[in-house]
Amino acid sequence: MSNTSVTRRGLFGGGAALGATLQSGSTLAQSPPPGEGASPVAVNLKVNGSQHELRLDSRTTLLDALREHLALTGTKKGCDHGQCGACTVLIDGVRKNSCLNLALSCDDREITTIEGLGSEDALHPVQAAFVEQDGFQCGFCTPGQICSAVGMLAELKRGLPSAVTPELTAAAMEVAETELRERMSGNICRCAAYPNIVAAILDASGKA
């Protein structure tokens, strides 16, 4: 047993000393007020074929610009650290985590969200396959899964290899279950609908 003893008086005294240090202008207490020194900048976002002129804090992510400024809430905020894939969109046809991209860096680039892939009367082939194969449960991750799948199928057509591709120099990569699981591993489904997601992508691969 330790010989060190902690008394209430000593504990309270230490807390008071720490509080005084923070109030005295130490670096720990010098965090600037939110928004200070961040003047809005002009950003032109082309989203789903429509041009949007916005004035945003330069630190605004594409995810927050889509959700908070353009009301495109199909793109979901999951982890906000690029680890779950719920915020996946297409930027110039390439799948990206919108939480890791600043809106300013997407100025005048082609951005496609789940709202721009298809409509209720004319679903994108991947959207239709997810419905047909029941590739979702709660649906929270589904927009990111679908956008990622569309981008991933385009990667296969362009011949971009993955960690499990057996032939790295092939003009186009085979649409196989092992390839799909590896390439979609950055999109987490907390409901674990993975078998149906894979089936949906395989079903859509010849149509997308």
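All residue numbers refer to position in the chain's written sequence, counted from 1. With the structure being a predicted model, the display of local features is reserved for residues of pLDDT at least 70 and the display and counting of side-chain atom pairs for 80 or more, all residues being used for whole-chain, interface and lining totals. Think of the side-chain values as coming from all heavy atoms in the structure, minus any hydrogens and water.

Asker: Kindly report on the pattern of salt bridges, identifying the contributing residues and their values.
Answerer: Definition used for salt bridges: Asp or Glu carboxyl oxygen within 4 Å of a side-chain nitrogen of Lys or Arg. Taken as a whole and assessed by the stated rule, the structure comprises 9 salt bridges. Two residues, Arg 95 and Glu 155, come together in a salt bridge whose shortest N-O distance is 2.9 Å. Here Glu 155 lies in helix α5 (residues 142-158) and Arg 95 lies in strand β4 (residues 94-97), a separation of 60 residues in the sequence. Exposure is judged per residue with a 1.4 Å probe applied to protein chains only, and the accessible area is read against the type maximum: over 50% gives exposed, under 20% gives buried, and values in between give partly exposed. What makes Arg 95 buried here is its relative accessible area of 18%. One salt bridge connects Arg 183 with Glu 155, and the closest N-O pair in it is separated by 3.6 Å. One end of the pair, Arg 183, is in helix α6 (residues 177-183); the other, Glu 155, is in helix α5, with 28 residues separating them in the sequence. Assigned by exposure class, Arg 183 and Glu 155 land together as buried. Residues joined by salt bridges that share partners form a network here, namely Arg 95, Glu 155, Glu 179 and Arg 183. The secondary structure listing takes helices from DSSP runs of H or I that are at least 4 residues long and strands from runs of E that are at least 2 residues long, numbered from the N terminus.

Asker: Help me get a handle on the confidence of the model for the protein chain, residues and values and all.
Answerer: Low pLDDT means the predicted atomic positions in that stretch should not be read closely. Scored from 0 to 100, pLDDT records how confident the predictor is in each individual residue. In the predicted model, the protein chain carries a mean pLDDT of 87, and 81% of its residues have values of at least 70. It only takes one pair of heavy atoms within 4.5 Å for two residues to be counted as in contact. Low pLDDT, under 50, characterises residues 24-32; the stretch is placed with 4 contacts to residues that sit more than four places away or in other chains.

Asker: Any details on the pairing of strand β1 (residues 41-47)? Residues and values, ideally.
Answerer: Examined bridge by bridge, β1 and strand β2 (residues 50-56) share 7 bridges and lie antiparallel to one another. Within the sheet, the bridge partner assigned to Lys 46 lies in β2 and is Gln 51. We call two strands paired when DSSP finds no fewer than two bridges between them. Counting the residues that bridge the hairpin from β1 to β2 gives 2 residues, and of these Asn 48 lies at a positive phi of roughly 55°. The pairing of β1 with strand β5 (residues 110-112) spans 2 bridges and is classified as parallel. From the neighbouring strand, Lys 46 faces β5, where its bridge partner is Glu 110.

Asker: So, a nonpolar patch on the surface: which residues are in play, and what are the values?
Answerer: A cluster of nonpolar side chains, contributed by Leu 123, Val 131 and Phe 136, occupies part of the molecular surface with about 250 Å² of accessible area. Tracing the backbone through its elements, the reader meets Leu 123 in the loop between α3 (114-117) and α4 (125-132). Each patch is built from salt-bridge-free residues with over 30% relative accessible area, joining like charges within 9 Å and nonpolar side chains (Val, Leu, Ile, Met, Phe, Trp, Tyr) within 5 Å. Residue exposure ignores everything except the shown protein chains as possible cover, and the areas themselves are Shrake-Rupley values with a 1.4 Å probe.

Asker: Account for the sheet that holds β1, naming residues and giving values.
Answerer: The strand order across the open sheet formed by 5 strands is β2-β1-β5-β3-β4, and the pairing between neighbours is mixed. Edge positions in the sheet fall to β2 and β4, since each of these pairs with one other strand and no more. On average, each strand axis in the sheet is inclined to that of its neighbour by 40°, with strand direction left out of account. Where helices are involved, their axes are fitted lines through C-alpha atoms of the stretch in contact, as for all axes, and angles between N-to-C directions lie from 0 to 180°. Against the sheet, α5 makes contact with β3 (88-91) and β4, and its axis sits at roughly 45° relative to β3, the strand it touches most.

Asker: Describe the side chain of Thr 88, and please don't skip the residues or the numbers.
Answerer: Note on placement: Thr 88 falls in strand β3. Residue classification places Thr 88 among the buried positions, given a relative accessible area of 6%. A distance of 2.7 Å separates a polar atom in the side chain of Thr 88 from the backbone oxygen of Gly 85. Not counting chain neighbours up to four residues away, the residues in contact with Thr 88 comprise Arg 95, Lys 96, Asn 97, Gly 144, Cys 147, Ser 148 and Asn 187. As used in this structure description, the phrase polar contact means that two N or O atoms lie within 3.5 Å; if the pair is within protein, one of them must be able to donate a hydrogen and the other to accept it, and residues adjacent in sequence are counted only when both atoms belong to side chains.

Asker: Describe the nonpolar core, listing the residues and the values that go with them.
Answerer: The criterion is simple. A nonpolar core is a set of buried Ala, Val, Leu, Ile, Met, Phe, Trp, Tyr and Cys residues joined through side-chain atoms within 4.5 Å. Counting 24 residues, the largest nonpolar core has Leu 117, Val 126, Phe 130, Met 152 and Ile 201 as its most contacted members. Breaking this core down by element, the ones donating at least two residues are α3, α4, α5 and α7 (194-204). Grouped together as the second largest cluster of nonpolar side chains are 15 residues, Val 43, Leu 45, Leu 72 and Cys 106 included.

Asker: For α7, give the residues involved together with the corresponding values.
Answerer: Among all positions in α7, only Ile 197, Val 198, Ala 200, Ile 201 and Ala 204 are buried. Buried residues in α7, looked at end-on, bunch into an arc of 160°, giving them a common side. In this context, the arc is that of the directions from the helix axis out to the C-beta atoms.

Asker: Lay out the packing of α4 against α7 in plain terms, naming residues and giving numbers.
Answerer: Where α4 meets α7, the axes come as close as 8 Å, and the angle between the chain directions of the two elements is 135°. Judged by the angle between their axes, α4 and α7 are oblique. α7 is crossed by α4, and the crossing has right-handed handedness. Counted together, Pro 125, Val 126, Ala 129 and Phe 130 of α4 and Ile 197, Ala 200, Ile 201, Asp 203 and Ala 204 of α7 form the full contact between these two elements. Under the scheme applied here, ten amino acids are nonpolar (Ala, Val, Leu, Ile, Met, Phe, Trp, Tyr, Cys and Pro), four are charged (Asp, Glu, Lys and Arg), and all others, including Gly, are polar. Classifying every residue of the contact of α4 with α7 by side-chain character gives 8 nonpolar, no polar and 1 charged. Reported orientations rely on four angle classes, namely roughly parallel under 35 degrees, roughly antiparallel over 145, roughly perpendicular from 65 to 115, and oblique for the rest. Put simply, a crossing is left-handed when the front helix is turned counterclockwise from the back one by less than a right angle, and right-handed when it is turned clockwise.

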